[in-house]
Amino acid sequence: QVQLVESGGGSVQAGGSLRLSCKLSGVRSYNCLAWFRQAPGKEREGIASINRVGSTSYADSVKGRFTISRDNFKNTLDLQMNYLKPDDTAIYYCATTAGFFCATGPPVERDFAYWGRGTRVTVSS
């Protein structure tokens with residue numbers, strides 16, 4: 001059974017850093033993994049993805065500040081977030097595809113079959 005559980009969210013001042021982690025169960029090394037976020041009143045945004053060989057894609061809104069990584073041995077997916085801004089305030093979700101396909105560019109919601117419950121990130125000014 002596939003399960004994803006996020007952790008590491010919290011409150012931080014603008015300019016600070018946080019590291020999110022997603023514990024994966026029942027996920028294969030060939031799956032495409034991603035992070036999404038959703039702020040109040042806004043659509044869910046795909047911000048980063050990583051494929052089976054470690055190639056990554058980022059949304060312009062986080063490029064240069066966030067880094068996605070995976071550890072197939074530990075079955076974890078991480079998101080290092082630096083230089084945080086108030087606009088980064090959102091609930092952050094990890095997700096995985098059912099198969100191996102990982103599209104070029106930022107991840108799109110319809111490609112991902114399994115989701116975590118989310119972890120909240122609040123960035124104050």
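Residues numbered from 1 in each chain as written. Predicted model: local features only at pLDDT ≥ 70, side-chain atom pairs only at ≥ 80, totals over all residues. Heavy atoms only, no water.

Visitor: What is the right way to read the packing of aromatic side chains from this model?
Guide: Given two aromatic rings, their pairing is described by the distance between the two centres and the angle made by the two planes. Inspection of the entire model under this criterion finds 2 aromatic pairs. Their ring planes at 80° and their centres at 5.4 Å tell us that Phe36 and Phe112 sit as a pair that is edge-to-face. With Phe36 in strand E4 (residues 33-38) and Phe112 in the loop between strand E9 (90-96) and strand E10 (114-115), this residue pair connects regions lying 76 residues apart in the sequence. Assigned by exposure class, Phe36 and Phe112 land together as buried. Where Phe36 meets Trp115, the ring centres are 4.7 Å apart and the plane angle is 50°; that geometry is what we call tilted. Here Phe36 is found in strand E4, whereas its partner Trp115 is found in strand E10, with 79 residues between them in sequence. Classification of Phe36 by relative accessible area gives buried; the value is 1%. (Phe/Tyr/Trp six-rings, centres within 6.5 Å; stacked < 30°, edge-to-face > 60°. Helix = DSSP H or I, 4+ residues; strand = E, 2+ residues; numbered from the N terminus. Buried < 20%, exposed > 50% of the residue type's maximum accessible area, 1.4 Å probe, protein only.)

Visitor: Help me understand the side chain of Asn31 in this model?
Guide: Within the fold, Asn31 resides in the loop between strand E3 (18-25) and E4. Owing to a relative accessible area of 5%, Asn31 belongs among the buried residues under this scheme. A distance of 2.9 Å separates a polar side-chain atom of Asn31 from the backbone oxygen of Gly99. Those residues in contact with Asn31 that sit more than four places away from it in its chain are Ile50, Arg52, Arg70, Thr96, Thr97, Ala98 and Gly99. (Polar contact = N/O pair within 3.5 Å; in protein donor to acceptor, adjacent residues only side chain to side chain. Contact = heavy atoms within 4.5 Å.)

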